Amino acid sequence: MNQRMSWFNVTSLTFGFAFLYLPILILIIYSFNDSRLVTVWGGFSTRWYGELFQNEGIMDAAWVTARVAFVSATIATILGTMAAIVLVRLGRFRGRTLFNGMIYAPLVMPEVITGLSLLLLFVAMGFARGFWTVVIAHITFSMCYVAVVVQSRLITFDESLEEAAQDLGCPPGRSFFAITLPVILPAVLAGWMLAFTLSLDDLVIASFATGPGATTLPIKIYSQIRLGVTPEINAVCTILIALVALGIITASLASKHRMMRARRTVG
Amino acid sequence: MAKTMGPVRRAFAPWDDPLAEPLIRFERISKRFGDFTAIDDVSLDIYEREFFALLGPSGCGKTTLMRMLAGFETPSEGRILLDGEDISAIPPHRRPVNMMFQSYALFPHMNVADNIAFGLKQDNLPKTDIAACVEEMLSLVKLEPFAKRKPDQLSGGQRQRVALARSLAKRPKVLLLDEPLGALDKKLREETQFELMDIQEKLGMTFLIVTHDQEEAMTVADRIAVMNEGTFEQIAPPSVIYEEPSSRYVAGFIGDINLLEGTLATSLDKAPTFASPDLPAPVTVEAEGLASGPVALAVRPEKLRIALDEPADDPAMAKVSGRVWDIAYMGDVSIFHVRLSDEVCEGQPKDDSVPIIRATIANTTRLVERPIAWDDKVWLSWDKSAGVVLTR
Ligand SMILES: Nc1ncnc2c1ncn2[C@@H]1O[C@H](COP(=O)(O)OP(=O)(O)OP(=O)(O)O)[C@@H](O)[C@H]1O
Ligand SMILES: [Mg+2]
């Protein structure tokens, strides 16, 4: 790679990244704008962050979102991990290929369809829509992501580890928690992180499943924007971006660390 | 081989004692995977303090047999007895049997000491006892400086020793070793073989080892079972397997051997003879209790003597003549390839219809002084007891 980059490569790279990150950058910059007008720079200030914390509507929505994300990510991680184990371990049972394919389907399913079908289900079952329906909706789609992440780790997990544990006197159930879970833990945590961030920034599915008293932050932001963008919204979004970025970086660092360890073991 | 020759070991032969109770008894065990039969109606007794080797080619069912003893597979038919008790219903974690896995199966998230302590912790022993036992195991496998390392910070040989220590820590009645030395280079392998024998003797355990390396089996084991496609061909001490193989398969599997196909002729008043289209004349053989019929004669290359002059007739010896086809100088020995035909073979393409017999001769003198050369007419002779007549 000691070849110098051609001007073409440099420009396309610049444009590409500008296209991706300029809007976000502008949003972050304007969240520190002193002026009430979103498009006019009135000097640096953190005043909107201060006001943001006074804004009860937004703070409530943020609290709801955090709770939904935490609960749904946790349940989705448990269910997704279980699904992954069944798919990898149970060998060839009837319909295994079908199940395997079905776990990928929600990843490519348009969110509108997922949201709508969940709404129909809740209505048909007579569920009062609110916090728990949003949680359930988020579990449904994020658990597939967890299952895929954990499954890819389990495929390379040497099952003789668990046999060795049993051979040394550890009953089957306990050997899962003593051996398998710690070994696949980085993948499980990465799955949780992924589910958490997916839930944080979901608008479409949440807006189908939500009800009174369960307005999530993305829904709140979206409804406020219709009344005009305020600098407060910029501040919320900046915080959200920071959270999501943190989540993604942690998850990828965890998996990188794991891969490096794995490579060292093989090498 | 020191062990089998030592005075203690010579006396150790419980399999010859009709009153001895076996520690492990496989009773007419069969194992099928779908319609494939991996183990086909085998029976086997293994005695306390025995070092027993399962030897056979890849896929013959060695691991399957071992996994049934450890409890990871259930026999399709038959029973496995341990100390006279049927263990079929006992799950793996309650069997007094520990296994050292072919892949070592070390727990990657635990350090060496924790790996070794894992089995002991399952029994809820006091902490001090566990620590003492871990110390002892570490010193046994000479890994004290590595106690705090993770498995991925160890070399292959060190990992293998951790796996061994971990499976020994609980002092199981029986230790199962599935190709324990497969990943080691030749030198380390030989060292470790002697270490294993040492440990087994020191701790007084019963070892069942799986290998497909015949030299390894010969070195470490008190008895060897030679397996072939899910059945036992022969179960015997190494010297018997080598000197008196029970079938063509065993003879060919262990060491180098000359196999001649032919017929056995026995009569009441004459010594039995073996005639073969490969041999110019019948040779005398030892064949007590055998009837006339098609057989194979097996002679080990190192049991042959080679000479330029025809040896004097001796009822105890068998002899054939041929011409030297090739001489392979190996340093300590030379291997003479002798074609059983009187015609000169120089310049002729190799003719497969004429059999070639290999004779391994120790190089007791310097190379320049040895008189036998290519194309010389030579006589091969052997003590007739060295030829083994095989009916199977
Ligand atoms: N779970 C299984 N399902 C189907 N077939 C199996 C299973 N386990 C083993 N076999 C078959 O049983 C036969 C014996 O296998 P086994 O692992 O015992 O061989 P092995 O003697 O240990 O060979 P190697 O020296 O290669 O380890 C093989 O043909 C194998 O394909
Ligand atoms: Mg095997």
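Bear in mind the structure is a predicted one, so any value in this text is a computation, not a measurement. (Residues numbered from 1 in each chain as written. Chains lettered and ligands numbered in written order. Predicted model: local features only at pLDDT ≥ 70, side-chain atom pairs only at ≥ 80, totals over all residues. Heavy atoms only, no water.)

Caption draft 1: Representation of the overall build of chain B within the structure. Secondary structure assignment for chain B yields ten helices and 20 strands. Each principal axis of the C-alpha atoms in chain B carries an extent, and together these give about 80 × 50 × 45 Å. Put simply, chain B has 392 residues, and 51% of those count as buried. Within chain B, residue pairs in contact and separated by at least 24 positions form 68% of the contacts whose partners lie at least 6 positions apart. Summed over its atoms, the accessible surface of chain B is roughly 18600 Å², and 52% of this surface lies on carbon and sulfur atoms. (Helix = DSSP H or I, 4+ residues; strand = E, 2+ residues; numbered from the N terminus. Buried < 20%, exposed > 50% of the residue type's maximum accessible area, 1.4 Å probe, protein only. Contact = heavy atoms within 4.5 Å. Areas by Shrake-Rupley, 256 points an atom, 1.4 Å probe, with all protein chains shown as cover.)

Caption draft 2: Expanded view of the sheet that holds strand β14 (residues 293–299) of chain B. All names here are of chain B. On the basis of which strands lie adjacent, the open sheet formed by five strands has the order β13-β12-β11-β14-β20 and antiparallel pairing. Two strands lie at the open edges of the sheet, namely β13 (283–284) and β20 (388–390), each paired on one side alone. Of the pairings in the sheet, the one linking strand β11 (residues 258–265) to β14 comprises seven bridges and is antiparallel in character. Residue pairing in the sheet places Asn-258 in a bridge with Val-299 of β14. (Pairing = 2+ DSSP bridges.)

Caption draft 3: Summary view of empty space enclosed by the protein. The tally for this structure, following the rule as stated, stands at three cavities of 30 Å³ or more. Put simply, the largest cavity is a space of about 40 Å³. For the largest cavity, the full set of lining residues is Ala164(A), Asp167(A), Leu168(A), Met99(B), Met100(B), Phe101(B), Tyr104(B), Ala163(B), Arg166(B) and Ser167(B). Counting residues per element, the ones that place at least two in the lining of the largest cavity are α7 (160–167) of chain A together with β6 (97–100) and α6 (156–168) of chain B. Element by element, the count of residues in the lining of the largest cavity is highest for α6(B), at three residues. (1 Å grid on protein atoms, 1.4 Å probe; cavity = no way out; pocket = protein on both sides within 12 Å on 5 of 7 lines; lining within 4 Å. Points joined across faces, edges and corners; volume = space filled by probe spheres on them.)

Caption draft 4: A look at the sheet that holds strand β15 (residues 305–307) of chain B. Residue and element names in this part refer to chain B. Ordered by their spatial adjacency, five strands build an open sheet running β15-β19-β16-β17-β18, and the pairing between neighbours is antiparallel. Each end of this open sheet is capped by a strand with a single partner; those strands are β15 and β18 (356–362). When the angles between neighbouring strand axes are averaged without regard to direction, this sheet yields 45 degrees. Judged from the three bridges that link them, β15 and strand β19 (residues 377–383) form a sheet pairing that is antiparallel. Directly across from Arg-305, in β19, lies its bridge partner Ser-381. (Axes fitted to C-alpha atoms, helices over the stretch in contact; angles between N-to-C directions.)

Caption draft 5: Structural context of the side chain of Asn258(B). Residues and elements named next belong to chain B. You can see Asn-258 is positioned in strand β11. Among the polar contacts listed, one links the side chain of Asn-258 to the backbone oxygen of Arg-358, at a separation of 2.8 Å. Not counting chain neighbours up to four residues away, the residues in contact with Asn-258 comprise Leu-297, Ala-298, Val-299, Arg-300, Pro-301, Leu-304, Ile-356, Ile-357 and Arg-358. (Polar contact = N/O pair within 3.5 Å; in protein donor to acceptor, adjacent residues only side chain to side chain.)

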